[in-house]
Amino acid sequence: MPGVVFAAVNEEALFDLEVRLLLEALFQRYHHDFRDYALASVRRRVRQAMQRLECESVADLQNLVLHEPDAFAQALPFFTVQVSEMFRDPAYFLALREHVAPVLRTYPSLKIWVAGCSNGEEVWSLAILLAEEGLLERTLIYATDINPQALRAAESATYEARRVGGFSKNYQAAGGTGSLSDYYSSAYGRAVFDRHLRKHVVFADHSLATDAVFSEVHLVSCRNVLIYFNAGLQDRAIGLFREALVHRGFLGLGSRESLRSGANANAFEPLVAAQKLFRKKA
Ligand SMILES: C[S@@+](CC[C@H](N)C(=O)[O-])C[C@H]1O[C@@H](n2cnc3c(N)ncnc32)[C@H](O)[C@@H]1O
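What counts and what doesn't
- Residues numbered from 1 in each chain as written.
- Predicted model: local features only at pLDDT ≥ 70, side-chain atom pairs only at ≥ 80, totals over all residues.
- Heavy atoms only, no water.
- Pairing = 2+ DSSP bridges.
- Helix = DSSP H or I, 4+ residues; strand = E, 2+ residues; numbered from the N terminus.
- Axes fitted to C-alpha atoms, helices over the stretch in contact; angles between N-to-C directions.
- Contact = heavy atoms within 4.5 Å.
- Parallel < 35°, antiparallel > 145°, perpendicular 65-115°, else oblique.
- Nonpolar A, V, L, I, M, F, W, Y, C, P; charged D, E, K, R; others polar.
- Near = heavy atom within 4 Å.
- Polar contact = N/O pair within 3.5 Å; in protein donor to acceptor, adjacent residues only side chain to side chain.
- Areas by Shrake-Rupley, 256 points an atom, 1.4 Å probe, with all protein chains shown as cover.

Asker: Help me understand the sheet that holds strand S9 (residues 268-272), please; the structure alone is not making it clear to me.
Answerer: Backbone hydrogen bonds hold the strands of a sheet together, and the pairing may be parallel or antiparallel. Strand order in the open sheet formed by 7 strands is S6-S2-S1-S7-S8-S10-S9, with mixed pairing between adjacent strands. Bordering the open sheet on either side are strand S6 (201-205) and S9, each of which pairs with just one other strand. The sheet shows a mean angle of 25° between the axes of neighbouring strands, direction not considered. Bridging between strand S1 (residues 110-115) and strand S7 (residues 217-222) involves 3 bridges; their strand directions are parallel.

Here it is, written out as structure tokens:
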């Protein structure tokens, strides 16, 4: 067009622009909000989704997921990392046992929120720890995530038998007082965790990006989730935890996560700094 000057935009900037449009489209169409996720990781995930769904461009991917909910269901796991294991970072669970359980014991009933529970490994680890501390009978665990497939897997409490050796090692290192095999039965190459543990867990779809607080709780364990958020969204999530926690409630984060400065972060003090365990200030 004569007289119109277009600014030069490199391919990378165009890719980012398309990614932002895709995230906006996903939000408008499905109310899944990835707009404030850390960009570097979103870029990687969009590329993986494009490959899996055989899309030549981000625009193609956007078109596909907007028009075909099944394609969105296939793309969703790429936006949510499901890596987990039972008693992941055993020292965290040991610190919970040694520093948090004694205080939890002073409450007649307990509510715990595992935010971003993935396939349930963290949930069942906590349930076992609480059982061994004599606290499970008085506890209700809310386990939430945005990935419906992960929530279904978590609820089934079933894991491939080949993973259980690693889980058992972690369990021992986390101060387990028995044997992990006390809590599951094996069948057809799978380990199925105990019905007794399951009575104390409620699974629900809940997004830290768009949803509000749903209950008052004594402990929030939200590990390896904030790492995928930008600073603003991290602060939103910390605000939810602050609101949900009872007076002097506990917050546990992942080993690579921290509370940044800000009004919500300042509402917490370190309890076991090395294990990212915090306590709400008085
Ligand atoms: C890497 S897994 C962490 C699993 C477990 N907490 C652990 O530390 O082993 C991250 C989980 O966060 C979930 N997630 C991502 N965005 C979320 C959001 N906005 N609200 C709640 N969960 C979210 C993902 O679906 C995924 O299951």
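The rest of the description comes next.
Asker: Is there a simple way to think about the sheet that holds strand S3 (residues 158-160) in this case?
Answerer: Strands sit in the order S3-S5-S4 across an open sheet of 3 strands; the sheet is antiparallel. Each of the sheet's edge strands pairs with one partner strand only, and the pair in question is S3 and strand S4 (184-187). On average, adjacent strands in this sheet sit at an angle of 25° to one another, irrespective of strand direction. One ladder, built from 3 bridges, connects S3 with strand S5 (residues 190-193); its direction is antiparallel. Bridging across to S5, Glu160 finds its partner in Arg190. Sitting on the sheet, helix H8 (residues 161-173) is in contact with S3, S4 and S5, with an inclination near 95° to S3.

Asker: How should the packing of helix H3 (residues 58-67) against helix H4 (residues 69-79) be read in this particular structure?
Answerer: Contact geometry of H3 with H4 gives a least axis separation of 5 Å together with a crossing angle of 120°. For the element pair H3 / H4, the angle class is oblique. In this structure, H3 contributes Leu64, Val65 and His67 to the contact, and H4 contributes Pro69, Ala71, Phe72 and Ala75. Across the contact of H3 with H4, the residue classes tally to 6 nonpolar, 1 polar and no charged.

Asker: How should the site of the ligand be read in this particular structure?
Answerer: For the ligand, the set of nearby residues contains 21 residues, the closest of which are Tyr37, Ser84, Arg88, Glu122 and Asp145. The side chain of Ser207 places a nitrogen or oxygen atom 3.3 Å from a nitrogen atom of the ligand. Surface burial for the ligand is 98%, taken as the share of its 600 Å² of free accessible area covered by protein chains. Across the shell around the ligand, the residue classes tally to 8 nonpolar, 9 polar and 4 charged.

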